[in-house]
Amino acid sequence: MSLLRWLRSEAEGRKMVTRAKACLGVAVFVAYLSTNAATLAGELVRFESAPVHVGQLQQRLARERGETPKAASERIEGYLSKPEGDGPFSAIVYLHGCDGLSEGARTYNARGYVSLMLDSFATRGIKNACTQVTPGLLLTRQGDALGALSYLSNLPFVDSQRIAVIGYSQGAMVALQLASNHQAEIFDVPRDRKFKAAVAYYPLCGVASEELIVPALIMIGELDDWTPATDCERWMKRRADRGAPVKLIVYPGAYHAFNSPAFADGREYLGHWLKYDPTAAAQSVQEMRSFLAAQFSH
């Protein structure tokens, strides 16, 4: 696939996201936490987002100006936690949804993994991206996640070959795009630097390519009216088992944000119904734990 075709596909993906109003990505991580796993409190860390490759035209113009072609990058923030001990540990990058990273998600305990809660909005002054997606936001967030991957890979207590990405709603779309097979190299990162696996909670699956390069677990509610399960089911049929394996789980009777206790009584938000489903939430936690354990085991 040429870079031009890829960019066109990204544009189509952005249109799909706009039609879906970018999704609420409630930052719900409590269900995955383990109170008996000793960790450090979430520490604020800063690192560079992965820059987009400088095109040939930009390189030529820079050389004509007597400058060294260099891709621009942005400094972003995240909250880092680690288990006690020297490691090396497997690690997880968490991607929040369109409502940003909640206060409660910044300090937590994880099940024996180094965890980095990525905040793509704070340093950019974005409060909320649920009603409108700025051009290139999903692409920008991919760069943020790859920057987090590079940051973790350079930490002495992290196993750089065992880092997964977990996304929620809009963040889940980014996770699936990171797992997608893109022929064109978009970001200026080492070719061998990629996530080990991806977990996507209630994404719009159509933004991903039909062939993935890393295994993925997708979990969504049957009655989700913001990111419909039917979109993921159609995508699964189109991909026809090509590329890395994907497991899609559709929870019967569940809605968007089914793993968020904050919506225990159900709530309408931007015309969509959000409701906690304790059964689906508990099952999703077990599925995610089993999936990550299997991926990190080899």
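Every chain's residues receive numbers from 1 upward, in the order its sequence appears when written. Side-chain atom pairs in this predicted model are given and counted only at pLDDT of 80 or more, local residue features only at pLDDT of at least 70, and totals for whole chains, interfaces and linings cover all residues. Side-chain metrics rest on all non-hydrogen atoms present in the structure, leaving aside hydrogens and water.

Visitor: Kindly report on the environment of Cys 98, identifying the contributing residues and their values.
Guide: Position of Cys 98 relative to the elements: it lies in the loop between strand E3 (89–95) and strand E4 (114–119). With 71 residues separating them along the chain, Cys 98 and Ser 169 place their C-alpha atoms 7.5 Å apart. We count a stretch as a helix when DSSP gives it H or I for four or more residues in a row; a strand needs E for two or more, and each element gets its number in order from the N terminus.

Visitor: Tell me what's going on with the pairing of E3, and back it up with residues and numbers.
Guide: Burial classes: relative accessible area under 20% of the type maximum marks a residue as buried, over 50% as exposed, and values in between as partly exposed (1.4 Å probe, protein chains only). For E3, the tally of buried residues reaches seven of seven residues, placing the bulk of the element in the interior. DSSP bridges decide pairing: two strands pair if at least two such bridges lie between them. Note that E3 and strand E5 (residues 158–168) share six bridges and pair parallel. Opposite Val 93, over in E5, you have Val 165 as the bridge partner. Across five bridges, E3 lies against E4 in parallel orientation. Following the sheet pairing, Ile 92 is matched in E4 by Ser 115.

Visitor: Quick one: what's the story with the confidence of the model for the chain, residue by residue and with numbers?
Guide: Each residue carries a pLDDT value, the predictor's own confidence for that position, ranging from 0 to 100. This prediction gives the chain a mean pLDDT of 82; 75% of its residues lie at or above 70. What makes two residues a contact is simply this: any of their non-hydrogen atoms within 4.5 Å. Counting contacts from residues 1–23, a segment whose pLDDT is below 50, to residues more than four positions away or on other chains yields 46 contacts. Here residues 25–41 scores under 50 on pLDDT; set against residues more than four positions off or in separate chains, the count is 58 contacts.

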